[in-house]
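As a plain string of letters, each chain reads:
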Amino acid sequence: QVHLVESGGGLVQAGGSLRLSCVASGLTSSTSVMAWFRQAPGKEREFVAGITSSGARTYYPDSVKGRFTISRDNAKNTVYLQMNSLEPEDTAVYYCAARASPPINILSANYNYWGQGTQVTVSS
């Protein structure tokens, strides 16, 4: 059984940084694409970062490019999301997601496994 557990969310002032972590169990890390999504109240779930199984390739939407960095440590079965220069618009619940095969996909429906989410709140 696959479990994804996120941590690292919290309250931060605008301009600050947070690092989210997602520990995966029950996955074959060598073949799994991992991603982070976020969902703000009243909005659809939004893709914010993806990484291939080896970590060689990453992808970001323009809204976070240059501010967010996704990385993974397959030895620890952990994916990270480093978020810098945070803005109030980044406030959302952040979810870790996994899909069993490449490529990175920006649609939430194409991910098989999800964590429970962690709240990120950025104050102005």
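Details of the structure are given in the entry above.
Draft legend 1. Seen up close, the state of the cysteines. This structure, assessed with the given rule, holds one disulfide. With a sulfur-sulfur separation of 2.1 Å, cysteine 22 is cross-linked through a disulfide to cysteine 96. Across the S-S bond linking cysteine 22 and cysteine 96, the dihedral sits near -75 degrees, which makes this disulfide left-handed. Of this pair, cysteine 22 sits in strand β3 (residues 18-25) while cysteine 96 sits in strand β9 (residues 92-99), and the two are 74 residues apart along the sequence. Just as cysteine 22 is buried, cysteine 96 falls in that class too.

Draft legend 2. Expanded view of unusual backbone geometry. Residue proline 103 is bonded to the preceding proline 102 through a cis peptide linkage, with omega at 0 degrees. Residue placement: proline 103 occurs in the loop between β9 and β10 (113-114). We note that asparagine 77 has phi near 55 degrees; this positive angle belongs to a residue other than glycine. Summarising the element assignment, asparagine 77 is placed in the loop between β7 (68-73) and β8 (78-83). A residue is classified by how much of its surface remains accessible, and asparagine 77, at 32% relative accessible area, is partly exposed. The backbone phi angle of serine 85 is positive, close to 50 degrees, even though this residue is not glycine. Mapped onto the secondary structure, serine 85 falls in the loop between β8 and β9. Residue classification places serine 85 among the partly exposed positions, given a relative accessible area of 42%.

Draft legend 3. Up close: the packing of aromatic side chains. Tallying each qualifying case throughout the model produces six aromatic pairs. With a centroid separation of 5.3 Å and 75 degrees between ring planes, the pair formed by phenylalanine 37 and tyrosine 111 is classed as edge-to-face. Of this pair, phenylalanine 37 sits in strand β4 (residues 33-39) while tyrosine 111 is found in the loop between β9 and β10, placing the two residues 74 residues apart along the sequence. The burial state of phenylalanine 37 is the same as that of tyrosine 111; both residues are buried. Taking the centre distance of 6.3 Å and the plane angle of 65 degrees together, the rings of tyrosine 111 and tryptophan 114 count as edge-to-face. Taken together, Phe37, Phe47, Tyr59, Tyr95, Tyr111 and Trp114 form an aromatic cluster joined through their ring pairs. The residue whose ring lies beneath arginine 45 is tyrosine 95, and the NZ or CZ to ring-centre distance is 3.8 Å. Looking at arginine 99, its charged tip hangs above the ring of tyrosine 111, at a distance of 5.9 Å from the centre.

Calculation notes
- Residues numbered from 1 in each chain as written.
- Predicted model: local features only at pLDDT ≥ 70, side-chain atom pairs only at ≥ 80, totals over all residues.
- Heavy atoms only, no water.
- Disulfide = S-S within 2.5 Å.
- Helix = DSSP H or I, 4+ residues; strand = E, 2+ residues; numbered from the N terminus.
- Buried < 20%, exposed > 50% of the residue type's maximum accessible area, 1.4 Å probe, protein only.
- Phe/Tyr/Trp six-rings, centres within 6.5 Å; stacked < 30°, edge-to-face > 60°.
- Lys NZ or Arg CZ within 6 Å of the ring centre and 35° of its normal.

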